[in-house]
Amino acid sequence: MWRSKFVRVAGSLFQRNVCSPHWRYSSFYQPRHGPVTHYPFGPYFHEKLLRVTVPLNIYRTVKKDAKSIIDSDSPLTITDIKQYLHSKHIRFNDGYCCLHSPSFFLPQAPEGSGKERYELFIDKTTGHFFCKETLVEGRWEDFQDCIQVMRNEGTTSISPNVLIGFPASLEEQEEHNLEMKEVQRIWNSSVPFSELMDEEVQLVKTMFQISKITNATLKKFGVRVFKPTKSLVFPWFCVRHSRLRGIKLISASTKDGLQVIYTEATVPKVSSYHNLFGLTLIGWKDSEVVLTGHEVDSMAVTQATGLPSLALPRGASCLPPILLPYLEQFKKVTLWLGGDMRSWETSKLFSRKLGLKRCHLIRPGEHQPCAIDALTQGKNLAKILKASIPAAHKSIVSFKQLREDVYDELANVEQVAGIQWSRFPELNKLLKGHRKGELTVFTGPTGSGKTTFISESSLDLCMQGVNTLWGSFEINNVRLAKIMLTQFAQQRLEDNLDEYDMWADKFENLPLYFMTFHGQQNIKTVVATMQHAVYMYDISHVVIDNLQFMMGQESVSIDKFAVQDHIIGIFRKFATNSCCHVTLIIHPRKEEDDKELQTASIFGTAKASQEADNILILQEKKMVTCPGRRSLQVAKNRFDGDVGVFPLEFNKVALTFSAPTKLKPKVRRVKAETNDEPKELKPIKPAKTKTPKNEKQLKTKDDGERSEI
Ligand SMILES: Nc1ncnc2c1ncn2[C@@H]1O[C@H](COP(=O)(O)OP(=O)(O)OP(=O)(O)O)[C@@H](O)[C@H]1O
């Protein structure tokens, strides 16, 4: 569907093709036929990523379209941004994550008058800009457009309404209005603690384990109680206008009359809920902040220490770059995201995003739990904060600096082993868990169900909060999402269409993103997109289906295995540097009818197999007596060396491989010879130049043919 957007700039209407990567001003307008999308998050890669949810933004509309692919271009760098600003004589200060510039959406104070306010923030990584005063935001291209318009008009400022010319669709507007009504309704019917009876206050505090939080603190942070659902209500106020923008509800319920379960809900939905809880209490002179993962932790910190504290909107799961401008004023940021190893790992990653030099980390441990627990246990929070360690590390360290880390690994064996699959306990037994920074190579015969299996296993992790990015080059995103949704609902939704919205609503809230690539792709572009996704959405698991789509088809004379090794090396480096797990699906290089696949069936040389931390093979034949049955072989496991095989049962209705709980399959362990070398690895001579007969015909499944190599 072809749609255009119109932007009203300084009184003129310019047609804008938001799909074009090079669109600038009207004279640069390049019409291009195809679907139109607009993503507000980044200057370059925004059209290569697709989230399941549609973030609602009143200034911008965001459209989902699986086919919105743009040609490759060189990524934006901080040097590009600075050079542009210099060339246009735009003043700026270098901040931690952003460049700060006087906002051209406000009347400009004369240079050197001392009245200039550097309220416009330009993200150093993406070029995305945000004016804290007017709340106008946009892409780097939009920034350049505004400058161009001002130059043409001979003005030094521009109306903030310039970017409001992108109307949201009626449907989105309606959804937004409904959400705001809901926010107001819940807020108006919620009760401040001061209006509750003493017994009620005690009951609520006991239920939410916040007995040590005083009524004064709850009042200061504006927390209320919504009686109909027995929930705590945390407000999201706009800092500028004190307007209510959203709410977070935390409800408590009991399971089996014993265990208390807390559930969280936000309006608007999580993807657009960008509240830094506590922001309204921050003064412009504050130069130090404690960043926590939960609202109650922030309240505990402020109450116990008097220090400003902010809570991230989605806990330790992500730090959306749109929040970074609000953290620029702080010279010291202490990350105290929780009391477990996962929060610790995340705080190390977030400190990279925030600027290592200003970040300090609280190391979780028995004596340093999360802030609310520390308060409840009567610990000295100021002392814990004082013991925080600088995030910046030196290139050379001694064991003295490592000893605490080593102790943590020994004392938290389960957490170090990674996230556990809930649908595949056999994988937990062999691999022990899913860990950040590893490279898993997955193979299996053509059409054996590789995509189906990895789809379910990645969904399993995603449902547990692992931020996941799919690069599906073979089947399009609609088909992939359909498979995942079926696996999520564990039923044939074709026969239960009335349940579609209910499942889709739940599915939409998963931290799941798709690259919009399809067919052959350049590895550099793919990796750059992955890097962007890690920055924007804190992705910790990337699935690539499959490597053959990055191999290129032009030159038949190139040694294909050398290319494959090279690509595996690139993914290895990405996994390590970005602390992100990469699962790479690879077609086997040879399939012989009567033989099981081996590690050597995938790789050209032993070097490539050494790069992988885990090697998984979906075996189709011979492993079990019943023909057509599948089993999963863990052929390499660098974490602890355990390898083995277990049968898989395919459920055609739910498209799942996970066995029903009653019939859990048994794992057959195979002792690995070494940790690093797969058991059945044989030295293989690199293949010569001959291309397998049908390799040249590599096509996407949507081209109507299966990929065969
Ligand atoms: N164990 C199984 N038994 C029968 N059908 C299966 C099984 N696993 C998957 N399928 C079905 O086979 C088809 C192909 O599955 P899938 O695309 O996952 O295979 P693949 O190994 O990724 O294929 P390719 O080698 O072409 O990439 C799908 O329609 C899927 O539902």
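Residues numbered from 1 in each chain as written. Predicted model: local features only at pLDDT ≥ 70, side-chain atom pairs only at ≥ 80, totals over all residues. Heavy atoms only, no water.

The protein chain carries the name Twinkle mtDNA helicase in an unreviewed UniProt entry, which gives Danionella cerebrum as its organism. We quote the UniProt Catalytic activity (unreviewed entry) comment for the protein chain here in full: "ATP + H2O = ADP + phosphate + H(+)". (UniProt positions renumbered as here; feature names shortened; annotations may be inferred.)

Q: Honestly, the pattern of salt bridges in this entry has me stumped. Any pointers?
A: Between side chains of opposite charge, pairing is possible as soon as their charged atoms come close. What the rule picks out here adds up to 23 salt bridges. Residue Arg 185 pairs with Glu 182 through a salt bridge whose shortest N-O separation is 3.1 Å. Of this pair, Arg 185 and Glu 182 both sit in helix H3 (residues 170-189), three residues apart, which is roughly one turn of that helix. Note on Glu 182: relative accessible area 31%, which makes it partly exposed. Between Lys 353 and Asp 538 there is a salt bridge; the shortest N-O distance is 2.9 Å. Pair noted here: Lys 353 is in helix H8 (residues 341-354) and Asp 538 is in the loop between helix H17 (523-537) and strand S22 (541-545), with a separation of 185 residues, a long-range link. Salt bridges here are not isolated pairs; linked through shared partners, they connect Lys 82, Asp 94 and Lys 124. (Salt bridge = Lys/Arg side-chain N within 4 Å of Asp/Glu carboxyl O. Helix = DSSP H or I, 4+ residues; strand = E, 2+ residues; numbered from the N terminus. Buried < 20%, exposed > 50% of the residue type's maximum accessible area, 1.4 Å probe, protein only.)

Q: I keep staring at the sheet that holds strand S6 (residues 120-123) and nothing clicks. Help me out?
A: Backbone hydrogen bonds are what pair the strands of a sheet, in a parallel or an antiparallel way. The five strands lie next to each other as S4-S5-S6-S7-S8, forming an open sheet whose pairing is antiparallel. Either end of the sheet is taken by a strand with one partner, and the two such strands are strand S4 (93-94) and strand S8 (137-138). Sheet analysis places strand S7 (residues 129-131) next to S8, joined by two bridges and oriented antiparallel. Within the sheet, the bridge partner assigned to Phe 130 lies in S8 and is Glu 137. Strands in contact with helix H1 (residues 78-87) are S4, strand S5 (98-101) and S6; relative to S5, the strand with the most contacts, it is inclined by about 10 degrees. Packing against the sheet, helix H2 (residues 140-153) makes contact with S6, S7 and S8, and its axis sits at approximately 135 degrees to S6. (Pairing = 2+ DSSP bridges. Contact = heavy atoms within 4.5 Å. Axes fitted to C-alpha atoms, helices over the stretch in contact; angles between N-to-C directions.)

Q: Is there a simple way to think about the packing of H17 against helix H18 (residues 560-578) in this case?
A: Packed helix pairs are characterised by how far apart their axes lie and by the angle those axes make with each other. Where H17 meets H18, the closest approach of the two axes is 11 Å, and the angle between their N-to-C directions is 15 degrees. With respect to H18, the element H17 is oriented roughly parallel. For the pair H17 and H18, the sense of crossing is right-handed. Only Ile 567, Ile 570, Phe 571, Phe 574 and Ser 578 of H18 make contact with H17, whose side of the interface consists of Ile 523, Val 527, Met 530, Gln 531 and Val 534. (Parallel < 35°, antiparallel > 145°, perpendicular 65-115°, else oblique. Left-handed = near helix turned anticlockwise from the far one by under 90°.)

Q: Sorry if this is basic, but what is going on with the domain arrangement of the protein chain here?
A: In many analyses, interface size is given as the accessible surface area lost on bringing the parts together. Along its sequence, the protein chain is carved into domain 1 (5-168), domain 2 (188-407) and domain 3 (425-703). Every contact between the two is made by 15 residues of domain 2 and, on the other side, 17 residues of domain 3. With both sides pooled, the region where domain 2 packs onto domain 3 buries about 1,100 Å², and carbon together with sulfur makes up 42% of that total. Scanning the region where domain 2 abuts domain 3 turns up seven residue pairs in polar contact (both at pLDDT 80 or more). With six residues, H8 is the single largest residue contributor to the side of domain 2 that touches domain 3. In terms of residue class, the side of domain 2 that touches domain 3 is made up of eight nonpolar, two polar and five charged. (Domains from an automatic or database assignment. Buried area = accessible area lost by both parts, 1.4 Å probe. Polar contact = N/O pair within 3.5 Å; in protein donor to acceptor, adjacent residues only side chain to side chain. Nonpolar A, V, L, I, M, F, W, Y, C, P; charged D, E, K, R; others polar.)

Q: When you look at the sheet that holds strand S14 (residues 288-292) in this model, what are you seeing that I'm missing?
A: Taken in spatial order, the five strands of this open sheet run S15-S14-S16-S17-S18, and their pairing is mixed. The outermost strands of the open sheet, each flanked by one partner alone, are strand S15 (309-311) and strand S18 (389-390). Across the sheet, helix H6 (residues 295-305) touches S14, S15 and strand S16 (332-336), and the angle it forms with S15 is around 175 degrees. Sheet strands in contact with H8 are S14, S16, strand S17 (359-361) and S18, and its direction is about 175 degrees off that of S17.

Q: Whenever I open this one, helix H15 (residues 477-489) confuses me. Can you help?
A: An α-helical segment advances 3.6 residues per turn. Residues three or four places apart therefore align on the same side. Given a rise of 1.5 Å per residue, 13 residues ought to cover 18 Å, and the 18 Å separating the end C-alpha atoms of H15 matches this to within 8%. Within H15, the full set of buried residues consists of Asn 477, Leu 480, Ile 483, Met 484, Leu 485, Thr 486, Gln 487, Phe 488 and Ala 489. Measuring from the backbone nitrogen of Val 478 back to the side-chain oxygen at the start of H15 gives 3.0 Å, which picks out Asn 476 as the cap. Positive phi shows up at Gln 490, right after H15, with a value of about 55 degrees. (Expected span 1.5 Å × (residues − 1).)

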